[in-house]
Amino acid sequence: MRSIDPRARLIAVLLATIAVTTTPAGNWMPFAAYFGLILLSGVPLPFLLRRALAAAPFILLASGMLLLRESWTIAAAVAVKAGMAVALLALLSATTTLPELIWALRKLHVPESFHLMLTLMSRYIGLLSEEYKRLDRARESRTARPLGRAAYKIHARQLGTLLLRSWDRAERIHTAMVSRGFEKSWPVRRTFRFAVRDAVFLLSAALPWVAIRLLLTS
Amino acid sequence: MHIADGILPSLWCGLAHGVTWTGVWAFSRNLEPEEVVRMGLLASATFAISLVHFPLGGTSVHLGLYGLTGILLGTRAFPVNVAALLLQAFLFQHGGLLSLGLNAVNLGAGVLLASAIWRIAPGPQPAKAFAAGFLGIAIPALMVATEFTLAGYGKGFFFMAALYLGAAALEGVLTAGIVAFLQRNRPALLRHSP
């Protein structure tokens, strides 16, 4: 799986998600078949369930509101569809690294600046999270826990400090990038070429979903 | 308030994707690399902040800082938001691939309105900053509620949106606080982009 072109993986998951979400409610056969396909993927079911559970509050809320107005079947179908879509997304995220996804998006022609922004985010979200924790520790070691109005002020200043620091860091990063020869785009170390085996993968991974959608639901 | 896949009509999701990527393309034209790096870092900072749950007034909240992003980046905040939503969907499965467009349109509307208020509306800065922070949450919440009502889920989501007004007020207060802090320490930041 790791050696399959990430574009093929992304598109396969996209097609499968479209197949699942457009399946009309009422007939449970196609959903059973989709579930079989998810099991076939070989990703451990507990992992997928855990990820699906994280989205459960929102899904159950929507499904519950539907239950008040529509039939039991329709409400349950929405919950199943949404749960499966989350599982499919978890499948993609478990088999694809963030750099691979960003590479795939670039190859699918998202604007170059958007690609650069995603690359920077993949690098700096973790770093700035750490920086925020450092600010937290520094504040806690020097002050009493703020209460009431003071709490808002102190938190606002702390957030402002993080923004200022990232602003300044951006200047430094840009200077460093330019000094290393950066002009408009970003060099990529690992590349994929969309080969026959990727096409075979895409077909074999997406076709069953589309087939179930078209054949079993009519 | 990220809509998951499979809940709202697929046609809407498709249309919203069209709007979203057109927006990304339109709002990220003519960008200097230097500006992109700044956007990337601010996006990382707000993303990092949105991961923090911190206690305020007895409960635990987490911020979106959509209004603040609009204040600092103007229309450039739209692609920043799309990037953040994409990463949230991929990393934590918050939202979904198909509903990404809808989520981006909902949040984008709040962000663009916040940016317009900051740049165009008359009035004292703290009030504008509060309004930007407040609407950055309230507008998306209202849009989500409207979409669910139109999709046949009943009006229940308006009740949820009402609950979000508290979070929106909190975000407004913090946005005003952050803007005041930046105004004192680095006013140039607040006068920057279009």
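In the block above lies the structure referred to throughout.
What you see is a predicted model, and the numbers here were worked out from it, not measured in a lab.

K.L.:
Hey, could you run me through the packing of aromatic side chains in this one?
P.N.:
For any pair of aromatic rings, the description consists of the separation of the ring centres together with the inter-plane angle of the planes. Following the criterion strictly, the structure yields twelve aromatic pairs over all chains and no others. When the ring of W28 of chain A is compared with that of F31 of chain A, the centres are 5.7 Å apart and the planes differ by 55 degrees; the resulting orientation is tilted. Residue classification places W28 of chain A among the partly exposed positions, given a relative accessible area of 34%. Here F58 of chain A and F148 of chain B contribute two aromatic rings whose centre-to-centre distance is 6.0 Å and whose plane-to-plane angle is 75 degrees, an arrangement assigned as edge-to-face. With F58 of chain A in helix α4 (residues 56-69) and F148 of chain B in helix α6 (residues 125-150), this residue pair bridges two chains. This pair shows no difference in class: F58 of chain A is buried, exactly as F148 of chain B is. Clustering of aromatic rings is evident, with ring pairs tying together W28, F31, Y34 and W209 of chain A.

K.L.:
What is the right way to read a nonpolar patch on the surface from this model?
P.N.:
All names here are of chain A. Together, I11, L14, L15, I18 and L108 give the surface a local cluster of nonpolar side chains, amounting to about 340 Å² of exposed area. Secondary-structure assignment places L14 in helix α1 (residues 6-21). Classification of L14 as partly exposed rests on a relative accessible area of 31%.

K.L.:
Please clarify how the pattern of salt bridges should be interpreted in this entry.
P.N.:
Once their charged atoms are close, side chains differing in charge can pair, the charge on each being opposite to the other. All chains considered together, the criterion is met by twelve salt bridges over all chains. The shortest N-O distance in the salt bridge between D168 of chain A and R186 of chain B comes to 2.9 Å. Placement of D168 of chain A in helix α8 (residues 148-179) and of R186 of chain B in the segment after α7 (156-185) is noted, with the two residues assigned to different chains. For D168 of chain A, a relative accessible area of 28% translates into the label partly exposed. Of the charged contacts in the structure, one is a salt bridge between R38 of chain B and E171 of chain A, with a shortest N-O distance of 3.8 Å. Residue R38 of chain B is found in helix α2 (residues 33-50), and its partner E171 of chain A is found in helix α8; the two belong to separate chains.

K.L.:
Looking at this structure, I do not really get the nonpolar core. What am I missing?
P.N.:
Generally speaking, soluble globular proteins have nonpolar side chains that are buried together. By size, the foremost hydrophobic cluster in this structure holds 99 residues, and its most contacted members are F114 and W209 of chain A together with L72 of chain B. Beyond its immediate stretch of four places on either side in the chain, W209 of chain A contacts A16, A19, V20, Y34, L37, I38 and L88 of chain A. Among the nonpolar cores identified, the runner-up in size contains 27 residues, and A62 of chain A together with L8, A16 and A161 of chain B belong to it.

K.L.:
What am I meant to see in the packing of α8 of chain A against α2 of chain B here?
P.N.:
When two helices pack together, you describe them by how their axes are tilted relative to each other and by the distance separating the axes. Where α8 of chain A meets α2 of chain B, the closest approach of the two axes is 8 Å, and the angle between their N-to-C directions is 145 degrees. Along this stretch, α8 of chain A crosses α2 of chain B, giving a crossing that reads as right-handed. On α2 of chain B, the residues that touch L159, L162, L163, S166, W167, R169, A170, E171, I173, H174 and M177 of chain A of α8 of chain A are P33, E34, V37, R38, L41, L42, A45 and I49 of chain B. Taken together, the residues that form the contact of α8 of chain A with α2 of chain B break down as 13 nonpolar, two polar and four charged.

K.L.:
Mind showing me how you'd approach a positive patch on the surface here?
P.N.:
A cluster of basic residues, R149, K153 and R157 of chain A together with R184 of chain B, forms a positive patch at the surface. In terms of residue count, α8 of chain A provides more of the positive patch than any other element does, three residues in total. Tracing the chain through its elements places R157 of chain A in helix α8.

What counts, and at which threshold
Residues numbered from 1 in each chain as written. Chains lettered and ligands numbered in written order. Predicted model: local features only at pLDDT ≥ 70, side-chain atom pairs only at ≥ 80, totals over all residues. Heavy atoms only, no water. Phe/Tyr/Trp six-rings, centres within 6.5 Å; stacked < 30°, edge-to-face > 60°. Buried < 20%, exposed > 50% of the residue type's maximum accessible area, 1.4 Å probe, protein only. Helix = DSSP H or I, 4+ residues; strand = E, 2+ residues; numbered from the N terminus. Patch = residues over 30% accessible without salt bridge, like charges linked within 9 Å, V, L, I, M, F, W, Y side chains within 5 Å. Areas by Shrake-Rupley, 256 points an atom, 1.4 Å probe, with all protein chains shown as cover. Salt bridge = Lys/Arg side-chain N within 4 Å of Asp/Glu carboxyl O. Core = buried A, V, L, I, M, F, W, Y, C linked by side-chain atoms within 4.5 Å. Contact = heavy atoms within 4.5 Å. Axes fitted to C-alpha atoms, helices over the stretch in contact; angles between N-to-C directions. Left-handed = near helix turned anticlockwise from the far one by under 90°. Nonpolar A, V, L, I, M, F, W, Y, C, P; charged D, E, K, R; others polar. Lys, Arg positive; Asp, Glu negative; His and termini not counted. Charge placed at Lys NZ, Arg CZ, Asp CG, Glu CD.

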